Amino acid sequence: MARKALIHQIEARERRGRWFGALATLLSISLLLSGWVGLFAFLGANSAYGTFEEVKHDWVPDTRSMELTLPDLSRVSRIYAESGEVLAELHDGRNSEPVAYKDVPETLVYAILAAEDSQFFEHEGIDFSAIVSAAIDNLISDRTRGGSTITQQVVKNAFVGSEVTIQRKITEAFVSAEVERRFPKERILEFYMNSVYFGAGAYGVKTASEEFFNKPMAELSISEAATLAVMVRNPSLYNPRTRPELTLERRDEVIGEMQENGWITQAQADASVEDPIGVIEAPLRRGLADHVVAEVKRQLLNNPEFDFLGATPEERKKSVFGCPADDVACEGGGGLQVFTTIDLELQNKANEILRTWLPLPPYEENLAHCREILPNETDDFLARYAETHSCVPTGAMTMVDNWSGAVKVMASGLPFEFSQFDLAVQGRRNPGSAFKVFGLIAALENGFTMGHSWSGKSPVKIECPFPCAPNGSNIWTVRNAGASFGVIDLAEATYNSVNAVYAQLSLEVGPEKIVDVAKRMGIDESALDPVLSIVLGSSAVSTKEMANAYSNFATYGQHADDYIVSKIVNSAGETIYEHQPEVTQVADPALFSAANRALKVVPVSGTAPRANIGIPQGGKTGTHQSYLDAWYVGYTPEYSTAVWVGYEAQQVPLENVTINGQHYDRVFGGSVPAPIWAEFMSFVHAGLPVTDFPPEPGNIEKFLVPPPTTVPNVIGLDEGSAAAELRQAKLNASAEPVPSLEPAGTVVNQSPGGGATVRQGSFVTIYVSTGEIPTGAIPNLQGLTFEEALDIVRSFELDSGVRINLIQSEAPTTDPALVGRIVATEPPPGTVVEGAIDVVARIGVLQEAPPAPTTTVPADD
């Protein structure tokens, strides 16, 4: 029985479809022409049907063959922090979040119907009485209104457009009838409520509820629902924020319509019209991590890893942001859930620390600083410049997970509303000595050890086989940031950050190999120029790259590229992307472990004691030439963090500045970035168990042992030349002054002697003449062989400077024990002599004893 009734309903709709379009067409024409006299003449004419069958044939397409699919509405995409906080909503001016009809509260549905089409569930696409009423109003009053139903509005926006022509209006009527035939009323109304524009970028009832009342739809009151419904007709005219009185008047009319239709009681209507308009102020469009959001958007639109979002930039943009608000032909897009690796608590802490240490001053104070650093600019220029640029030092910080490459923090010292330029990622700054670590790894990969030594004398002039100096010459002069050093090994040159050593290393290893190592370790976005000075940080990089690269020292070279987008889910709830870290072994783990030994000294007794947080850690300072940039990049077993401090837009020396209440003549990596790093990383590790780096590999010794070198003979050279010869042999000279007849400054002896084999970096003692006449007491040589006596004499000469010419002379002895040994010297032992003297050594020669005398005993008589 039910099925038979359903068939009759279908047949009735089919019959109505044959005459419905003709009638609707005439009414549409009548409304356009405002010819209501002709309209009513038509209503009484029996021939109307035949006439408009011809109109239908000539003017209207065959709707039965049309593809009428309600467009897939754009949706808002959202970016999330690691722990689920919403960082941003993404749309292209069309802030839309479609919902199912069943999820829209009845009060809001009734309010929409009351405002737009109270007969929606009664008519079949066109409300004839509404058209007639609108035509009369348009003719007899100055108020213009349309007679379009909700279905007609859907058809106009989704299928036929809004061109003001009779042809379009006729098409709209027929298509409306066909849409009503194909789709349930609830589906049409659902599409309408999700697609209409409410103003302020809000499309659809869910978004409008949040935009204007900051609440979900289910919590809307009758008056609030009516206010939203009013805005659909004309969001500019009925804007409750700018025209509250006009909106209130129309709202109350809608409430009255709701009561007349029986959708609310009279008591509810009376109470609702007493409510104030109640909309919230336009929310401040500031997210929780706007620089992070900007980077995520940049990657989604440009990173080849997300090519699946679209083959062209336009397709990608639509996939992420949905359709532009002004493109009515566009459909679909958006609705993505983009999950990031950002730890919002740590991100907020990093921002707090940076802005405490390096706050952006008020405009007038900033302007005064701009005048100081840009003295040649005009007042007009400076006034504009200070509005968008910081003229005081600022900073940036990035932290990555050592083992996965996940970016946990990406903080910029300047608020996003002041500067959208992300200093942590887009900012490229010279890292100074923080780049030395790549030269260190390149050296260890190419046969050097931590025990290899170079002279740390400053300045050092390096002669290159090609132009290598900033002035184009082949003599590169390099100075240490601090004092000169002697011949030191690579380990000490690292934790004391000795430029002179690393400049020589760059020449011996080759800048191309240093660049190759840097790229393999994670400096993969910035351009690196393979020049000798690359090892001292001549190429600019980002904090993100540096943090990721330093993670290799914690993992012993197990490298994972940094990433910030961890997962993407589409509007259907399907995971369409999930990052899988790819770990590669950059170099021998023992090599990184050896380097780690030196880098662990840096925060303890090297250049960054202010970075010491009392747990296993390593790091490296960096101070760019002329103090233009200051860095500290450090790591723990879990995380690596890079901190940069400098000026945002100008290359200005960090000299004579006050930071965090302390005056600095010059800012070094160890003076400001290091304690910033320590404060942040102390917070990071406050709740974490203390862990250590992995055990050192068994083959680490081969990267630690100093290589051998041969001691040159420097006797006879002046002290400076002797020291230079020893430095050339990777040895240190330790000078001892001695009186000597040789000219003052002449090396008269050395220990170890020339030709000896020792380890690089060893000390050779050189004895240097003072030019004074030496004096000394002749040593006791008695009882020694001549060879033994020579050794004593040489030692005496070394100590006293007195030269002894030891001469052999025989001395007869009858004591076999003294044969071949000195029995006496002339002068005797203890005689004080000066200058040079001949000393005769009497050597015992055996002399037979004379025969005993013979005694004759007389014979007895």
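What this report covers is the structure whose coordinates are included nearby. Because the structure is predicted, anything quoted here is derived from the model rather than measured.

Moving on, we get to the sheet that holds strand β31 (residues 836–846). With mixed pairing, the 3 strands of this open sheet are ordered in space as β28-β31-β29. Of all the strands in the sheet, just β28 (803–813) and β29 (822–826) have a single pairing partner and so form its edges. Across the sheet, the mean angle separating the axes of adjacent strands is 25° when strand polarity is ignored. Taken together, the 4 bridges between β29 and β31 define a ladder with antiparallel strand orientation. Among the inter-strand pairings, E826 is bridged to a residue of β31, identified as V840. Sheet strands touched by helix α26 (residues 786–800): β28, β29 and β31. Its angle to β28, the strand with the most contacts, is close to 155°.

When you line up the elements, S390 lands in the loop between α17 (379–388) and β7 (394–401). At 3.0 Å, the side chain of S390 and the backbone oxygen of V392 are in polar contact. Excluding residues within four positions of it along the chain, S390 makes contact with L360, N366, L414, F418 and E648.

By the definition in use, this model includes 2 disulfides. Across the disulfide from C370 sits C391; the S-S distance is 2.0 Å. Residues C370 and C391 are joined through a disulfide that is right-handed, its torsion about the S-S bond being 90°. Of this pair, C370 sits in helix α16 (residues 363–373) while C391 is found in the loop between α17 and β7, placing the two residues 21 residues apart along the sequence. Residue C391 is classed as buried on the basis of its relative accessible area of 1%. Each disulfide pairs two cysteine sulfurs, and for C464 the partner residue is C468, the sulfurs being separated by 2.0 Å. Between C464 and C468 the disulfide shows an S-S torsion of about 80°. By sign, it is right-handed.

Quick notes on the rules
- Residues numbered from 1 in each chain as written.
- Predicted model: local features only at pLDDT ≥ 70, side-chain atom pairs only at ≥ 80, totals over all residues.
- Heavy atoms only, no water.
- Pairing = 2+ DSSP bridges.
- Helix = DSSP H or I, 4+ residues; strand = E, 2+ residues; numbered from the N terminus.
- Axes fitted to C-alpha atoms, helices over the stretch in contact; angles between N-to-C directions.
- Contact = heavy atoms within 4.5 Å.
- Polar contact = N/O pair within 3.5 Å; in protein donor to acceptor, adjacent residues only side chain to side chain.
- Disulfide = S-S within 2.5 Å.
- Buried < 20%, exposed > 50% of the residue type's maximum accessible area, 1.4 Å probe, protein only.

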